[in-house]
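What follows is the residue order along each chain.
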Amino acid sequence: MGEIERDELMFFDKSPAALPIYLKLREKLPEICPETVIQVKKTQISLINRHIYGAVSFLAARRKALRPDPFITVTIGLGQRLGSPRIDAASEPYPGRWTHHLVIGSPDEIDDELAGWLREAAVFAAVK
């Protein structure tokens, strides 16, 4: 993974205050999934091993009045629905594939629970 790339930094041009949240997540990625490849697109930063297992975006997964400022949205794909109150939105785009969105407002929210879900998502993506 290495040093942060210019395109990753540019992704946060419109919301620079959210960059420290992403940096905390990025710092944990080698322990979550060492083979993660980061791919920056127009609307999201994809976390990829064999397939996309997670993403970082500014998706409004929570009503504006309830969203922290700054925030990022972390999206993870799993084989089952998580029942945590931390999940802001979940959908099953096809049977056995659940997409979860979590609005994260602080680097402190990048914790062991979130890392565990991302690790589980990486395994799920690698075997499909």
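Computed from a predicted structure; not experimentally measured. (Residues numbered from 1 in each chain as written. Predicted model: local features only at pLDDT ≥ 70, side-chain atom pairs only at ≥ 80, totals over all residues. Heavy atoms only, no water.)

Asks: For the environment of Pro-20, give the residues involved together with the corresponding values.
Replies: The residue Pro-20 is located in helix 2 (residues 19-32) in this model. Along the sequence, Pro-20 and Pro-107 sit 87 residues apart, while their C-alpha atoms lie 6.6 Å from each other. (Helix = DSSP H or I, 4+ residues; strand = E, 2+ residues; numbered from the N terminus.)

Asks: Describe helix 3 (residues 112-127), and please don't skip the residues or the numbers.
Replies: In an α-helix there are 3.6 residues to a turn, and that puts residues three or four apart on one side. Here helix 3 spans 23 Å end to end across 16 residues, near enough to the 22 Å set by a 1.5 Å rise per residue. Turning to helix 3, its buried residues are Leu-114, Ala-115, Trp-117, Leu-118, Ala-121, Ala-122 and Ala-125. The buried residues of helix 3 occupy one face: seen down the axis, they fall within an arc of 160°. In helix 3, the exposed residues that point more than 90 degrees away from the buried face are Asp-112, Val-123 and Val-127. On the buried face of helix 3, the contacting elements are helix 2, strand 2 (44-48), strand 3 (52-57), strand 4 (72-78) and strand 6 (97-104). (Expected span 1.5 Å × (residues − 1). Buried < 20%, exposed > 50% of the residue type's maximum accessible area, 1.4 Å probe, protein only. Arc of directions from axis to C-beta. Contact = heavy atoms within 4.5 Å.)

Asks: Describe helix 2, and please don't skip the residues or the numbers.
Replies: Between its first and last C-alpha, helix 2 extends 19 Å over 14 residues, near the 20 Å set by a 1.5 Å rise per residue. Within helix 2, burial applies to Leu-19, Ile-21, Tyr-22, Leu-25, Arg-26, Lys-28, Leu-29 and Ile-32.

Asks: Before we move on, can you summarise the pairing of strand 3 with the specific residues and values?
Replies: Burial of strand 3 is extensive: five of the six residues sit out of reach of the surface. Bridge count for strand 2 against strand 3 is five bridges, and the pairing is antiparallel. Residue pairing across strands places Ile-48 opposite Ile-52, the latter belonging to strand 3. If you look at the hairpin formed by strand 2 and strand 3, you'll find three residues sitting between the two strands. Relative to strand 4, strand 3 is paired through four bridges, and the arrangement is antiparallel. (Pairing = 2+ DSSP bridges.)

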